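The primary structure of each chain is shown beneath.
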Amino acid sequence: MKKHKSDPSSWGDATKLVRGGLDRSGHGETSEALYLNSGFVYDEPETAERRFSGEDSGYVYGRYGNPTVSMFEERLALLEGAESCYGLASGMAAVFGALACQLRAGDHLVSSKALFGSCYQIVTSILPRFGIRTTLVDGSDLKAWKEAITADTKCVFLETPSNPTLEVIDLEAVCSIAKAKGANVVVDNIFATPILQRPLSYGADVIVYSGTKHMDGQGRVLGGAIMSTRAFKDELLKPFLRHTGPSISPFNAWVLLKGLETLKLRVEAQSHAAQQIAEVLSATRGVSRVIYPHLDSHPQAALSRKQMRLGGTMVTFEVEGGKAKAFDVLRHLGIIDISNNLGDAKSLMTHPASTTHRNIGAEARAMMGISDGMLRLSVGLEDTDDLIADLTQALAA
Ligand SMILES: *Cc1c(COP(=O)(O)O)cnc(C)c1O
């Protein structure tokens with residue numbers, strides 16, 4: 001044990017990511033220990049009784065908690081500046097849990113319409129099956145938010161920047177509209193990551209993450225997390241999630257802990273490369289539109305510069321020639337892989353209309369502005385010059 005303890009909340013992000021939540025066992029291991037067990041044993045029956053009554057805060061069962069998972073949760077909460085974090089099996093378990101734990105039949109939910117495919121299914125199809133009324137709005141239209149959020153709105157959900165159209169929503173304005181009506185704001189901050197954007201500082205109540213994306217960042221495991229106040233975790237999340245079972249595996253939490261150590265380095269490097277690539281694509285023949293939050297041509301460029309430290313790791317663009325040309329570009333890539341994953345060290349490109357946003361149908365795609373010639377690039381850690389050369393030759397082919 002160290003004699004001189006410094007206060008972790010005063011650390012910078014890089015220190016928090018490397019050392020936050022570290023809970024060494026008596027063996028003094030350097031790296032975080034992986035506790036790959038599902039159950040726990042007790043010396044005495046009274047100990048078990050006290051654990052179950054809550055008098056003793058020790059572990060009881062893997063579905064309720066695990067020491068490796070706790071380290072992951074504490075590291076993330078510390079980084080985000082949140083009172084608490086709940087680690088989960090995937091980003092979608094986090095999105096669904098954050099919404100379902102607080103909604104009941106008859107409640108009203110308002111959501112931005114530019115959403116990741118599975119988030120769109122939860123909002124428009126799964127939650128309504130349980131009697132929850134939902135209204136979709138154009139996220140960039142503050143008047144639409146004002147009209148849709150009423151006194152009986154329980155919850156607001158939004159994604160900024162959105163997948164794949166990189167639409168940016170004014171967090172401060174939407175949170176203040178929601179607050180005035182007493183609604184909870186849940187933000188999917190997966191594209192921005194906690195490195196570039198802190199929705200809590202603009203008044204959001206709950207933040208959801210997919211650990212699968214930038215936190216792992218090396219294509220290995222699924223994971224997710226919900227950041228909230230301690231009261232939200234204790235009163236709403238725990239009763240809902242402990243009994244419905246979307247727990248993260250300790251192994252996955254351990255991989256994510258190691259991923260977090262390099263999160264800042266990776267996200268910053270990938271964002272700088274993405275900015276450069278977006279600029280090059282903007283001047284490339286055959287590319288009719290480039291969407292990148294920090295490009296002057298982005299409709300909310302000033303807002304994105306205000307609420308995001310860098311423009312992010314994703315670049316979306318449209319090619320002239322629709323689906324046929326988009327597929328042609330994908331076929332000609334020599335380094336960048338065709339994949340629907342994102343946030344990875346490897347650069348990945350997807351055609352949203354035929355993959356991630358296929359199931360929502362042509363009408364919903366048109367409403368979200370997802371065209372057949374649209375391609376979404378997740379910029380990795382390769383040399384930027386190699387990526388630019390690969391894109392240039394694939395577009396010219
Ligand atoms: C990937 C993603 C999710 C879901 O995360 P999983 O870990 O795949 O379940 C949710 N929202 C957005 C914006 C995403 O990109």
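Read on for a plain summary of the structure. (Residues numbered from 1 in each chain as written. Predicted model: local features only at pLDDT ≥ 70, side-chain atom pairs only at ≥ 80, totals over all residues. Heavy atoms only, no water.)

**Things to note about the packing of aromatic side chains**
So, step 1. By the definition in use, this model includes three aromatic pairs.
So, step 2. When the ring centre of Phe116 is taken as reference, the NZ or CZ atom of Lys213 above it lies at 5.1 Å. (Phe/Tyr/Trp six-rings, centres within 6.5 Å; stacked < 30°, edge-to-face > 60°. Lys NZ or Arg CZ within 6 Å of the ring centre and 35° of its normal.)

**With respect to the side chain of His351**
So, step 1. Among the secondary structure elements, His351 is positioned in the loop between β11 (348-350) and α15 (361-368).
So, step 2. Here the side chain of His351 touches Asp372 through a polar contact of 2.7 Å, landing on its backbone oxygen.
So, step 3. Discounting chain neighbours no more than four positions away, the residues touching His351 are Lys323, Ala326, Phe327, Leu330, Asp372, Met374 and Leu375. (Helix = DSSP H or I, 4+ residues; strand = E, 2+ residues; numbered from the N terminus. Polar contact = N/O pair within 3.5 Å; in protein donor to acceptor, adjacent residues only side chain to side chain. Contact = heavy atoms within 4.5 Å.)

**Focus on the layout of surface pockets**
So, step 1. Considering only enclosed or pocket space, the largest pocket measures out at about 780 Å³ in volume.
So, step 2. Around the largest pocket, the lining is made up of 34 residues, and of these Tyr59, Tyr64, Gly65, Lys238 and Arg242 lie nearest the centre.
So, step 3. At the level of elements, α2 (45-53), α3 (67-80), β1 (84-88) and α10 (230-244) are the ones that each hand at least two residues to the lining of the largest pocket.
So, step 4. Grouping the constituent residues of the lining of the largest pocket by class yields 14 nonpolar, ten polar and ten charged. (1 Å grid on protein atoms, 1.4 Å probe; cavity = no way out; pocket = protein on both sides within 12 Å on 5 of 7 lines; lining within 4 Å. Points joined across faces, edges and corners; volume = space filled by probe spheres on them. Nonpolar A, V, L, I, M, F, W, Y, C, P; charged D, E, K, R; others polar.)

**Focus: the packing of helix α12 (residues 263-282) against helix α16 (residues 384-396)**
So, step 1. Close contact between α12 and α16 brings their axes to 10 Å; oriented N to C, the two are set at 30 degrees. Viewed along their axes, α12 and α16 adopt a mutual orientation that is roughly parallel. The handedness of the crossing between α12 and α16 comes out as right-handed. Here α12 contributes Ala273, Gln276, Ile277, Val280 and Leu281 to the contact with α16, which in turn contributes Thr384, Leu387, Ile388, Leu391 and Leu395. (Axes fitted to C-alpha atoms, helices over the stretch in contact; angles between N-to-C directions. Parallel < 35°, antiparallel > 145°, perpendicular 65-115°, else oblique. Left-handed = near helix turned anticlockwise from the far one by under 90°.)

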